[in-house]
Amino acid sequence: GMTYLGELRKSSYVAKMDHLCCFYPGVLALGSLFNVSDGAGQRNLKGSGQEDEHLTLAKELTDTCFEMYNITSLKLGPEIAHFDSTSVFIKPNDAHSLLRPEAVEAFFILYRVTKDKKYRDFGRTVYTAINEHARVENGFASVRSANAESPMYIDKMESF
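To keep things clear, this report deals only with the structure shown in the data block.

Definitions and cut-offs
Residues numbered from 1 in each chain as written. Predicted model: local features only at pLDDT ≥ 70, side-chain atom pairs only at ≥ 80, totals over all residues. Heavy atoms only, no water. Helix = DSSP H or I, 4+ residues; strand = E, 2+ residues; numbered from the N terminus. Buried < 20%, exposed > 50% of the residue type's maximum accessible area, 1.4 Å probe, protein only. Contact = heavy atoms within 4.5 Å. Areas by Shrake-Rupley, 256 points an atom, 1.4 Å probe, with all protein chains shown as cover. Expected span 1.5 Å × (residues − 1). 1 Å grid on protein atoms, 1.4 Å probe; cavity = no way out; pocket = protein on both sides within 12 Å on 5 of 7 lines; lining within 4 Å. Points joined across faces, edges and corners; volume = space filled by probe spheres on them. Nonpolar A, V, L, I, M, F, W, Y, C, P; charged D, E, K, R; others polar. Salt bridge = Lys/Arg side-chain N within 4 Å of Asp/Glu carboxyl O. Pairing = 2+ DSSP bridges. Phe/Tyr/Trp six-rings, centres within 6.5 Å; stacked < 30°, edge-to-face > 60°.

What to know about the overall build of the chain
No. 1: When you go through the chain residue by residue, the secondary structure sums to four helices and nine strands.
No. 2: Counting only residues that meet the buried cut, the chain has 37% of its 160 residues in that class.
No. 3: Partitioning the contacts of the chain with sequence separation of at least 6, the portion at a separation of at least 24 is 56%.
No. 4: When the accessible surface of the chain is summed, it comes to about 9,400 Å², and 51% of that surface belongs to carbon and sulfur atoms.

Quick look at the structure:
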């Protein structure tokens with residue numbers, strides 16, 4: 001299964017992750033660079049040969065964030081992804097792509113922290129998709145559905 005940050009609504013759990021959550025892997029990866037307490041007084045000893053659990057979680061979440069893009073027909077990030085026991089899927093009302101930066105920021109940070117070229121490849125895939133499907137005459141536009149055969153634009157570009 002995939003690793004994701006679900007949502008609690010009152011007392012029920014919802015197996016979905018908003019694109020905004022894709023900032024978190026970058027935070028975890030940056031934290032792994034330092035001797036961060038785990039809350040019980042234990043310290044991550046950098047150079048011990050054992051990967052920090054925060055970095056492990058960061059990698060898993062980053063893979064999920066990329067998969068959110070990779071499963072769409074336009075390779076653009078949807079606003080929300082939903083999960084079941086075996087897969088990730090996008091509901092039609094959640095398929096709009098506002099070209100949020102969080103996942104790409106995580107790809108950049110994970111590449112810098114791990115030197116694993118797959119994160120650079122993730123970034124290139126998204127960069128290519130944005131240039132191909134979200135570029136308009138004077139910049140870029142949000143897209144109504146990342147699952148469309150061809151993009152339909154929203155006459156708006158967020159600044160985030």
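Topic: helix α3 (residues 102-114)
Within an α-helix, residues lying three or four positions from one another point in the same direction, as the helix has 3.6 residues per turn.
No. 1: Taking 1.5 Å per residue, 13 residues should reach 18 Å; α3 reaches 18 Å between its end C-alpha atoms and fits that length.
No. 2: Buried residues of α3: Glu102, Ala103, Ala106, Phe107, Ile109, Leu110 and Tyr111, and no others.
No. 3: Where α3 is buried, its residues contact α1 (24-31), α2 (53-70) and α4 (117-133).
No. 4: Lys115 lies just past α3 and shows a positive phi near 65°.

Quick look at empty space enclosed by the protein
No. 1: Here the structure, examined in full by the defined rule, presents one cavity of 30 Å³ or more.
No. 2: In this model, the largest cavity occupies a volume close to 30 Å³.
No. 3: Taken together, Tyr69, Leu76, Gly77, Ser97, Leu99, Arg100, Val104, Val126 and Ile130 make up the lining of the largest cavity.
No. 4: Class assignment of the residues belonging to the lining of the largest cavity gives a composition of six nonpolar, two polar and one charged.

Brief notes about the pattern of salt bridges
No. 1: Overall, the coordinates contain six salt bridges when judged by the stated rule.
No. 2: Here Glu79 ties to Arg100 by a salt bridge, and the two come within 2.8 Å at their closest N and O atoms. Of the two residues, Glu79 is situated in the loop between α2 and β4 (80-83) and Arg100 in the loop between β5 (88-89) and α3; the sequence distance between them amounts to 21 residues.
No. 3: On the basis of relative accessibility, which here comes to 15%, the residue Arg100 falls in the buried class.
No. 4: A salt bridge links Lys156 to Glu158, with the shortest nitrogen-to-oxygen separation between them at 3.3 Å.
No. 5: Residue Lys156 is classed as partly exposed on the basis of its relative accessible area, which comes to 48%.
No. 6: Residue classification places Glu158 among the partly exposed positions, given a relative accessible area of 25%.

Overview of the pairing of β4
No. 1: Here β4 shows two buried faces, one formed by Ile80 and His82 and the other by Ala81 and Phe83.
No. 2: Sheet topology note: the strand β3 (residues 16-18)/β4 ladder contains three bridges and is antiparallel. Its bridge partner being in β4, Lys16 is matched across the sheet by His82.
No. 3: Here β4 runs beside β5; their pairing, made up of two bridges, is antiparallel. Pairing of His82 across the sheet is with Phe89, part of β5.
No. 4: Between the antiparallel neighbours β4 and β5 lie four residues.

Side note on the packing of aromatic side chains
No. 1: Under the defined criterion, the tally for this structure stands at seven aromatic pairs.
No. 2: Residues Tyr69 and Phe107 carry aromatic rings whose centres are separated by 6.4 Å and whose planes lie at 65° to one another, so their mutual orientation is edge-to-face. Of this pair, Tyr69 sits in helix α2 while Phe107 sits in helix α3, and the two are 38 residues apart along the sequence.
No. 3: Within the aromatic cluster, the residues linked to one another by ring pairs are Phe66, Tyr69, Phe107, Tyr119 and Phe122.

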